[in-house]
Amino acid sequence: DTSSLPDCACTAAGEPDCRDNDEAIKAFEYLENNSCSAGCNCRTNMECAQNFFIIQAYHDGCGADAMPIFIEQEYHTYEEKCQKCFIPLHQTPELVDCPTPTCDNSTYAEAEFEFLKNNCANNNTGPNPDSQCLSSRCQSAWYEVMGFHDGCCATEIPTVIEVDIHDWEVKCKGGCNIPNDPNYSYDCNAEKNKLYYVSSSSSSSSSSSNKSVSSGAVAGIVVAVCVVVFGLGFFLFYQFYLKQKTKD
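Residues numbered from 1 in each chain as written. Predicted model: local features only at pLDDT ≥ 70, side-chain atom pairs only at ≥ 80, totals over all residues. Heavy atoms only, no water.

Colleague: So, the environment of Gln50: which residues are in play, and what are the values?
Modeller: By the element assignment, Gln50 lies in helix H3 (residues 46–61). Considering only alpha carbons, one finds Gln50 and Thr11, 39 residues apart in sequence, at a separation of 6.7 Å. When near neighbours in sequence (up to four residues on either side) are disregarded, Gln50 contacts Thr11, Ala12, Tyr196 and Val198. Polar contacts involving the side chain of Gln50 include one to the main-chain amide nitrogen of Ala12, which spans 2.9 Å. (Helix = DSSP H or I, 4+ residues; strand = E, 2+ residues; numbered from the N terminus. Contact = heavy atoms within 4.5 Å. Polar contact = N/O pair within 3.5 Å; in protein donor to acceptor, adjacent residues only side chain to side chain.)

The structure is reproduced here in structure tokens:
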């Protein structure tokens, strides 16, 4: 039930920039370098949790090519360990809607995935000779697998589909869209968002603070330089004018 999940937009993930995956790469590096997949770290360590939200926002809210394949392949390791957030799934206008999955029965999805592996790996029919899985039957099987993978909870998806799905995204190209609720909206003040809420102005406030510190530092330097110049000027004035005049 996604209605109980915190909204990704209210966490550190915010609204992902699908054209630039640098933030996703940095978040993944944090997860890897801080043992976030060990034990309960991804749920008890807030930094781990927030960095996973960033990864998930790119994974669910952007197209299949938005993240490097090495993150895609490791994503499900963290998906099993971390609190998830909700973001409307990416929609590609030129693709059809996926068939509605029956999430409490994976038998059909597993059978269709088996059909893909046995019949579609070298199917190069269609306008693009570099593409595979383009026959209507293979595409139908692919849509069923995609619909089950993207439309059901992680705990309902067979391991074999979870592990191999991203290889087939390359072979079968495209895919289908899981329709989103057109009435979806988020409220960062809602109870489910309070624990993970990160203000969108936090980074800008930090930036403003840094600018204030920098301005203060510059002002201090300017004052110090003025004092030194004034002192040196007075010393020279005394040495070569007042002192000489006193002797005279």
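Continuing now.
Colleague: Now, about helix H6 (residues 136–151): what can you tell me, with residues and values included?
Modeller: The terminal C-alpha atoms of H6, which comprises 16 residues, lie 22 Å apart, in line with the 22 Å expected from a rise of 1.5 Å per residue. Taken together, the buried positions of H6 are Cys138, Gln139, Ala141, Trp142, Val145, Met146, Gly147, Phe148 and His149. Looking at the packing, one finds that the buried side of H6 touches helix H4 (69–79), helix H5 (107–119) and helix H7 (159–172). (Expected span 1.5 Å × (residues − 1). Buried < 20%, exposed > 50% of the residue type's maximum accessible area, 1.4 Å probe, protein only.)

Colleague: Before we move on, can you summarise the confidence of the model for the protein chain with the specific residues and values?
Modeller: Confidence in the prediction for the protein chain averages 80 pLDDT; 76% of positions are at 70 or higher. Within the model, pLDDT remains below 50 along residues 203–220, and this stretch shows zero contacts once partners closer than five positions in the same chain are excluded. (pLDDT = per-residue confidence, 0-100.)

Colleague: Just give me the short version of the state of the cysteines, but keep the residues and values in it.
Modeller: Taken as a whole and judged by the stated rule, the model has nine disulfides. Bridging Cys10 to Cys188, the disulfide has an S-S length of 2.1 Å. Negative torsions about the S-S bond denote left-handed disulfides, and the value of about -90° found for Cys10 with Cys188 makes this one left-handed. Here Cys188 lies in the loop between H7 and helix H8 (202–247) and Cys10 lies in the segment before helix H1 (22–33), a separation of 178 residues in the sequence. For the pair Cys10 and Cys188, one class covers both residues: buried. Here Cys42 pairs with Cys82 through a disulfide, and the sulfurs are 1.8 Å apart. Here Cys42 and Cys82 share a disulfide; its torsion about the S-S bond, 95°, makes the bridge right-handed. Note that Cys42 is positioned in helix H2 (residues 41–44) and Cys82 in the loop between H4 and H5, a separation of 40 residues in sequence. This pair shows no difference in class: Cys42 is buried, exactly as Cys82 is. (Disulfide = S-S within 2.5 Å.)

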